[in-house]
Structure formats: structure tokens, C-alpha cells
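# Remarks on the overall topology
Listed below are the residues making up each chain.
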Amino acid sequence: MRINNIRIIDETQDFSGSVLLREGKILRVMEEAETREGEFADEPVLDGKGMALLPSFIDLHAHMREPGYEYKENLESGLSAALAGGFTQVCAMANTDPVTDSKEKVRANLEKAKKLDLARLIQVCAVTRDFADDRSALVDFAAIRPWTPIFSNDGKNMEDPQAMEAALRASGRYDFILSCHCEPETEMVERYIKVGRKVGGNLHICHISTRETMEAIRRAKEDGINITCEVTPHHLFSWDDTYRVAPPLPQEKM
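In short, a report on the structure. (Residues numbered from 1 in each chain as written. Predicted model: local features only at pLDDT ≥ 70, side-chain atom pairs only at ≥ 80, totals over all residues. Heavy atoms only, no water.)

### Structural notes on the overall build of the protein
Across its full length, the protein carries eight helices and 12 strands. Expressed along its principal axes, the backbone C-alpha trace of the protein runs to roughly 70 × 40 × 40 Å. In the protein, which comprises 254 residues, the share counted as buried stands at 42%. Restricting the contact set of the protein to residue pairs at least 6 apart, pairs at least 24 apart contribute 65%. Per element, the accessible surface of the protein, about 14400 Å² overall, is 50% carbon and sulfur. Once the 32 positive and 43 negative side-chain charges of the protein are each reduced to a mean point, those two points are 4 Å apart. (Helix = DSSP H or I, 4+ residues; strand = E, 2+ residues; numbered from the N terminus. Buried < 20%, exposed > 50% of the residue type's maximum accessible area, 1.4 Å probe, protein only. Contact = heavy atoms within 4.5 Å. Areas by Shrake-Rupley, 256 points an atom, 1.4 Å probe, with all protein chains shown as cover. Lys, Arg positive; Asp, Glu negative; His and termini not counted. Charge placed at Lys NZ, Arg CZ, Asp CG, Glu CD.)

### Considering the packing of helix α5 (residues 161-174) against helix α6 (residues 185-199)
Relative to each other, α5 and α6 sit at 55°, their axes nearing to 10 Å. Relative to α6, the element α5 lies oblique. α5 and α6 meet at a crossing whose hand is right-handed. The segment α5 lies against α6, with Met164, Glu165, Leu168 and Arg169 engaging Tyr192, Val195, Gly196, Lys198 and Val199. (Axes fitted to C-alpha atoms, helices over the stretch in contact; angles between N-to-C directions. Parallel < 35°, antiparallel > 145°, perpendicular 65-115°, else oblique. Left-handed = near helix turned anticlockwise from the far one by under 90°.)

### Overview of the pattern of salt bridges
With the rule as written, the count across this model stands at nine salt bridges. The salt bridge involving aspartate 101 is made with lysine 105; its shortest N-O contact spans 2.8 Å. Among the residues examined, aspartate 101 registers a relative accessible area of 13% and is labelled buried. (Salt bridge = Lys/Arg side-chain N within 4 Å of Asp/Glu carboxyl O.)

### Considering the sheet that holds strand β7 (residues 87-92)
An order of β6-β7-β8 is seen for the three strands of this open sheet, with the pairing classed as parallel. Each having just a single partner strand, β6 (57-62) and β8 (120-123) make up the two edges of the open sheet. For this sheet, the mean inter-axis angle between neighbouring strands, taken without regard to orientation, is 20°. In the sheet, β6 pairs with β7 via four bridges, with the strands oriented parallel. Pairing of alanine 62 across the sheet is with alanine 92, part of β7. (Pairing = 2+ DSSP bridges.)

### Quick notes on the sheet that holds strand β10 (residues 177-180)
Read from one edge of the open sheet, four strands run β9-β10-β11-β12, paired in parallel fashion. One side of each edge strand has no neighbouring strand; the edge strands of this open sheet are β9 (150-152) and β12 (227-229). Along the sheet, successive strands turn relative to each other by an average axial angle of 30°, direction set aside. Examined bridge by bridge, strand β11 (residues 203-205) and β12 share three bridges and lie parallel to one another.

### Focus: α6
For α6, built from 15 residues, the straight-helix expectation of 21 Å at 1.5 Å per residue is met to within 8% by its first-to-last C-alpha distance of 21 Å. For α6, the complete set of buried residues consists of Glu185, Thr186, Met188, Val189, Tyr192, Ile193, Val195, Gly196 and Val199. The secondary structure elements touched by the buried residues of α6 are α5, β10, β11, α7 (211-222) and β12. Phi for glycine 200, located one or two positions after α6, is positive at around 80°. (Expected span 1.5 Å × (residues − 1).)

### So, the packing of helix α2 (residues 75-84) against helix α3 (residues 103-116)
Packed helices, taken two at a time, are described by their axes: the angle between them and the distance between them. Relative to each other, α2 and α3 sit at 55°, their axes nearing to 10 Å. Regarding the angle of α2 to α3, the classification is oblique. Between α2 and α3 the crossing geometry is right-handed. For the pair α2 and α3, contact is made by Leu75, Glu76 and Leu79 and by Asn109, Lys112, Ala113 and Leu116, respectively. In terms of residue class, the contact of α2 with α3 is built from four nonpolar, one polar and two charged. (Nonpolar A, V, L, I, M, F, W, Y, C, P; charged D, E, K, R; others polar.)

### Some points on a nonpolar patch on the surface
On the surface, Val231, Leu236 and Phe237 cluster together to form a nonpolar patch covering roughly 290 Å² of accessible area. For phenylalanine 237, the position within the fold is in helix α8 (residues 233-237). A relative accessible area of 62% means that phenylalanine 237 is categorised as exposed. (Patch = residues over 30% accessible without salt bridge, like charges linked within 9 Å, V, L, I, M, F, W, Y side chains within 5 Å.)

Encoded structure:
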């Protein structure tokens, strides 16, 4: 079938046109001029009514709350909500009860998500057992890495410099992302950047909220440090508000 009259958006373009689908997959993307050509005249047509068509989204930082906090969320409700919002892949943090800090716990949630057959799940694993701030509590990265590409003690800083150094070095060795929630934000980000400058690795900063943090990350990238970051819609578009989030909303527009 063909869907006409839609706004087609991806990372390189934004234009009005049509798409041709066959067996549930997009076969061809066409500009408006092409849609009037005769070769597609026999296809069933759906009017897109000017709505936007985009690649599906990936949520880099979600909380599925299973196991332990199912009264807040569970895999079925969370992954169903993700699909309803256009997200086909979700990265679920490890702050569950018990903490998701082993291969067995990661696999258990992946198997549940597979049976549900909703949005795809990447189950993030904790960096340390039970989120302990101690190098001796680091999880077995080599054993867990085949089951997840992301490790994070979300909501807790890696205060122990030896633990942070060992984890960031392991992220390079085993090719995973070390995702860090930082508070106080800029101070902790700059501390982690120093570690990255020393040992390398793959550092990701969760939901930044200040211009100073962005500038620190930009400088680090210019220096060749492998660092990425994300920003939430509410941190990007809201400021000077009493609504409680972590990290707090900025006092002024970014």
C-alpha cells in the first residue's frame, strides 16, 4: 500500500511525500512529484493527513521497576507504553529490588521481555553489586557483557576513584557503555572526564541539565575523549520550576 500526504523526517531530511509499503516494510520513500507517477497507481492508498513519519525512537534511560517495584511499573506496562509513544527499544536501569547486578538477573528480564513481544529491551546492569561504592564490589563485566552493552549505577555517583577507574577501563576492554548519573552535575562530570583522560573507555553522561556541563563535555570531545550525553525534554524545555526531578531543573534556559 501507499501512504500519501505525510511529513517524512529522519536525521538528514524533512519533506512532504509518500511511502510505499510491502509486507509490513517500507519499500520506497517518495517525494510528492514521484507519487503522481503511474507505476504506483494500482497500490491501495491511505491519506496520511499531514502527520509525521519518523524512524522509531530508542529510550536510553527508562525505569521498568521489575523486579521489586511493580506497583510503580512492570515490563508489560512499561514496554506497552513505549510502543504507544513510538519507542521500539528501551534501556531499563538497574535500580530494582534486588538490584540487577548479575548475568542471571539481566537474563531473567530479557527473557520476560522476549515473551511479551513488545518493545525490545536492553536491560542495563549495575556497575557494582548492590550499588556499593567499592572497587571490590565491581560486577563480572566479562560474564555479563554478552547480555547487555550498558552498565550503570543510575542515581548513585561513583565516588570511589579506584572503582570508577576500573569500570571505565573495563568499558574499553569489553566494549560497553558506562552510563553515569551525576550530582552535583558539572563537578562529577569533570571528575569523570579526568578519569577518561587517564584510562580511556566509553563514558556516557545521563540527562544533563546545565550549560556548564555541556561545555565541559564539548571540550572533552574536542580533546578526543570518548564521551556522549543525553538530555531529557523537561530539562531542555523547562527551567526555573519547582517540579522535583533528578537532576533538578536548571534555573535558567540552557
